[in-house]
Number of protein chains: 2
Amino acid sequence: MTHETTPIRIGIVGYGNLGRGVEHAITQNTDLELVAIFTRRSPESLPTTSKVVALDQVLEYKAKIDVMILCGGSSTDLPEQVIQLATHFNTVDSFDNHGEIPAYFAKVEQCTKANQTLSLISTGWDPGLFSMLRLLGESILPQGETYTFWGKGLSQGHSDAIRRLAGVKNGVQYTLPIETALEEVRAGQNPTFTAAEKHQRVCYVVAEEGADQQQIAQEIQTMPNYFEPYHTTVHFISEEELKLNHSAMPHGGFVLRSGETGNGNQQHMEFGLKLESNPEFTASVLVAFTRAIAKMAKEGHIGAKTVFDIPLGYLSPKSPEQLRAALL
Amino acid sequence: MTHETTPIRIGIVGYGNLGRGVEHAITQNTDLELVAIFTRRSPESLPTTSKVVALDQVLEYKAKIDVMILCGGSSTDLPEQVIQLATHFNTVDSFDNHGEIPAYFAKVEQCTKANQTLSLISTGWDPGLFSMLRLLGESILPQGETYTFWGKGLSQGHSDAIRRLAGVKNGVQYTLPIETALEEVRAGQNPTFTAAEKHQRVCYVVAEEGADQQQIAQEIQTMPNYFEPYHTTVHFISEEELKLNHSAMPHGGFVLRSGETGNGNQQHMEFGLKLESNPEFTASVLVAFTRAIAKMAKEGHIGAKTVFDIPLGYLSPKSPEQLRAALL
């Protein structure tokens, strides 16, 4: 399958859900090799059989790693770590704070250009695959509308908001696309939606003993921005049921583009994801793009890149000849 | 929207359904300009208000056109025309003879390298968008299966086969994906299908007066390769009904990838198209890739390319900055 003879050497920075996903995804690709996981925690405390190294020793690996995958969070870890690491390594990250992407890109662009490194920012599925499909949709059907729906998916931010309420012991929140809205888009009606017309929210809450469930439900449903604008359903369940049925991290969603060509012919493009594990899928996307960054760095590319800058062929272990013969 | 100041100058070679689709698609993009349509027919015979030029005068346009879109057929037109035209122009085509793509690519690669031109071959939706999605699927989820379904779509080859039968005045054939097969794939069962288990064929036939309809139906249903392996339904209708209900050229289909990550988590990616006009949508894809080829040629790229070689950002009239801010 692969035309590379020496494997691409990868480092992982951070070992949360995403880092663990990357660790596993690398094992699914014979042309990739995990060199080490870097952590700010005590290395021996990580529950893994992979090599673990303290993050402050990372520079010892400068000649031993082709690409570092940054698996920290977007709010505090990545903005700080990306500069430290891109100064010395090629990097791939999943920075997903949409509004701050331009500033983040500028910072990484400056650092990588100065240090002759190559960094791909903001990959995964949104930003990432969904962004690519939004671009394809509007470029191919300029006269049309794009819709992005998310879910069914566990939202970390909304789950946290529930858990901060008095009387709440534990809880999770799922975002669900509203099926009738999806159907209107698929029917080519190019509808205009409020936020509440596209998504609904469903919460599973474990209340403290003796807590007023009716009051908790009301506090959730009236919470500004988070829940108030949406149709929100609250279910009270036991801690056991929460563990049993709501420990997975499913997600997914749809990017739809409905447009018109010629004399009013309706054309519809749709991309959908149904994921049993959001972090493992995101990790798999990061790993494929890591292959691309390794190949591009080898060819001499430097600077900051996004998914819009990567020819898709670089994502595959197959050679251009193999791709043309087998996949085109 | 656009950051180009002078429009990209485009020529169209061939004025069948695809050429007409390209002519219209260009009008939907303010950064693109149609310079002329080139034809082997008598120029004044083309039913269009665009400028039409005899194909044998094409060299007079060498400095006036950035990219030529070749809209001929894959069996005889393109293999001949691509070399004539790529010797002098950057080109985009929709060569869709899957088995012969490697040989076609090699020929175009040699011609473009020798003449410092740039040619994108085999774009459209399959080969094209579907190829890109197949590549994304197997690169992101290496442990999994890819499925391509086509339809509901009018098949030109199968319609021709019907029309050649004695007693048949006219007829069309639709290929349909079998819904239960699609559902098995979506359920993550990674099934193995025969051709007949994925698609069925539905024919609408206008019989000559006095022809034996039962015999025609049997000849269709037992035609080797074309129909015999499939569940084939034959409906007899009037010429009027055929014109009224079966003159459009709908098509579409699905690329699905079902894979597994981590400890058995199922992940599902799906891309679907529902097209009221196959040639107009194909034309819209060609036009977006024409923009990419114009930009890449301006940057000095030469040689033969496929959709696997084009960074998606080039497809958009927006600048990289605009794309990062608005679409990522």
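The rules behind each value
- Residues numbered from 1 in each chain as written.
- Chains lettered and ligands numbered in written order.
- Predicted model: local features only at pLDDT ≥ 70, side-chain atom pairs only at ≥ 80, totals over all residues.
- Heavy atoms only, no water.
- UniProt positions renumbered as here; feature names shortened; annotations may be inferred.
- 1 Å grid on protein atoms, 1.4 Å probe; cavity = no way out; pocket = protein on both sides within 12 Å on 5 of 7 lines; lining within 4 Å.
- Helix = DSSP H or I, 4+ residues; strand = E, 2+ residues; numbered from the N terminus.
- Contact = heavy atoms within 4.5 Å.
- Disulfide = S-S within 2.5 Å.
- Buried < 20%, exposed > 50% of the residue type's maximum accessible area, 1.4 Å probe, protein only.
- Salt bridge = Lys/Arg side-chain N within 4 Å of Asp/Glu carboxyl O.
- Points joined across faces, edges and corners; volume = space filled by probe spheres on them.
- Nonpolar A, V, L, I, M, F, W, Y, C, P; charged D, E, K, R; others polar.
- Arc of directions from axis to C-beta.
- Polar contact = N/O pair within 3.5 Å; in protein donor to acceptor, adjacent residues only side chain to side chain.
- Core = buried A, V, L, I, M, F, W, Y, C linked by side-chain atoms within 4.5 Å.
- Domains from an automatic or database assignment.

Sorry, what's going on with the UniProt feature "binding site: substrate" (unreviewed entry) in chain A here?
All names here are of chain A. When the UniProt feature table is mapped to this numbering, "binding site: substrate" (unreviewed entry) covers W150, T175, R201, H251 and N278. Lining the largest pocket, from the set of annotated residues above, are W150, T175, R201, H251 and N278. Checked against the element boundaries, T175 lands in strand β9 (residues 168-177). Aside from chain neighbours lying at most four places away, what touches T175 is W150, G151, K152, G153, S155, H199, Q200 and R201. Mapped onto the secondary structure, N278 falls in helix α10 (residues 278-298). Here N278 is in contact with W125, M249 and H251, once residues within four sequence places are set aside.

Before we go on, may I ask you to explain the state of the cysteines in this structure?
Here a disulfide denotes one covalent bond, and it connects the sulfur atoms of two cysteines. Residue and element names in this part refer to chain A. Tallied over the entire structure, the rule returns zero disulfides over all chains. We note that C111 lacks a disulfide partner, and the nearest cysteine sulfur, in C71, lies 18 Å from it. C111 sits in the buried class, given a relative accessible area of 8%.

I tried to follow the UniProt feature "domain: Meso-diaminopimelate D-dehydrogenase C-terminal" (unreviewed entry) in chain A on my own but got confused; where do I start?
According to UniProt, the feature "domain: Meso-diaminopimelate D-dehydrogenase C-terminal" (unreviewed entry) maps to residues 124-277 of chain A in the numbering used here. For the annotated span residues 124-277 of chain A, helix accounts for 31% and strand for 36% of the residues, and the straight-line distance between the end C-alpha atoms is 13 Å.

Would you mind showing me how to read the pattern of salt bridges here?
Side-chain pairs of opposite charge can arise where the charged atoms are in close proximity. Scanning the entire structure with this criterion turns up 22 salt bridges over all chains. Salt-bridge contacts for B:D31 lead to B:R291; the nearest nitrogen and oxygen are separated by 2.7 Å. In this pair, B:D31 is assigned in the loop between α1 (17-27) and β2 (32-39) and B:R291 in helix α10 (residues 278-298), connecting sequence segments 260 residues apart. Take B:D31: its relative accessible area is 5%, and that puts it in the buried class. Measuring nitrogen to oxygen at the nearest pair gives 2.8 Å for the salt bridge that ties B:R134 to B:D126. Classification of B:D126 by relative accessible area gives buried; the value is 16%. One network of salt bridges, in which partners are shared, links A:E183, A:R186 and A:E270.

Mind showing me how you'd approach empty space enclosed by the protein here?
The gaps left among the atoms become clear once a water-sized probe is rolled over them. Considering all chains together, one arrives at two cavities of 30 Å³ or more under this definition. By volume, the largest cavity is sized at about 50 Å³. Elements supplying a minimum of two residues to the lining of the largest cavity: α4 (129-140), β12 (251-261) and β13 (265-275) of chain B. Here the lining of the largest cavity is composed, by residue class, of five nonpolar, two polar and three charged. Reported here for the second largest cavity is a volume of approximately 30 Å³. Around the second largest cavity, the lining residues are A:L133, A:V255, A:L256, A:R257, A:M269, A:E270 and A:F271.

Hey, could you run me through helix α8 (residues 213-221) of chain A in this one?
Side chains of residues three or four places apart in an α-helix project in the same direction, reflecting 3.6 residues per turn. All names here are of chain A. Every buried residue of α8 is listed here: I216, A217 and I220. Along the long axis of α8, the arc covered by the buried residues comes to 100°, so they all point the same way. What points out from α8, more than 90 degrees from its buried face, is the exposed set Q214 and Q218. On its buried side, α8 packs onto α5 (156-163), β9, β10 (199-207) and β11 (232-236). The opening residue of α8, the one whose side-chain oxygen lies 3.0 Å from the backbone nitrogen of Q214, is D212.

Can you walk me through unusual backbone geometry in this structure?
For residues besides glycine, phi is generally negative; the peptide bonds are generally trans as well. Residues and elements named next belong to chain A. In this structure, P127 follows D126 across a cis peptide bond, with omega equal to 5°. Mapped onto the elements, P127 comes out in the loop between β6 (118-120) and α4 (129-140). Located in the positive-phi region is S122, a residue other than glycine, with phi close to 55°. Its location among the elements puts S122 in the loop between β6 and α4. Of note in the backbone geometry, N225 takes a positive phi value of approximately 65° without being a glycine. Structurally, N225 can be placed in the loop between α8 and β11.

Before we go on, may I ask you to explain the nonpolar core in this structure?
Within soluble globular proteins, side chains that are nonpolar generally end up buried alongside one another. The biggest cluster of nonpolar side chains holds 148 residues, and the ones touching the most others in it are A:F38, A:L129, A:F281, B:F38, B:L129 and B:F281. With sequence-adjacent residues up to four places away left out, B:F38 is seen in contact with B:G11, B:I12, B:V13, B:G14, B:V53, B:A54, B:L55, B:V58, B:Y61, B:I65 and B:M68.

I would appreciate a short explanation of the layout of surface pockets in the present structure.
All names here are of chain A. For the largest pocket, the calculated volume is near 1,400 Å³. Taken together, 44 residues make up the lining of the largest pocket; nearest its centre are S74, S94, D96, Q156 and N278. When contributions to the lining of the largest pocket are tallied by element, the ones reaching two or more residues are α1 (17-27), β2 (32-39), α2 (77-86), β8 (153-154), α5, α7 (195-198), β10 and α10. For the lining of the largest pocket, the element with the most residues is α10, which contributes three residues. In terms of domain composition, the lining of the largest pocket takes at least three residues from each of domain 1 (8-127 + 279-327) and domain 2 (153-249).

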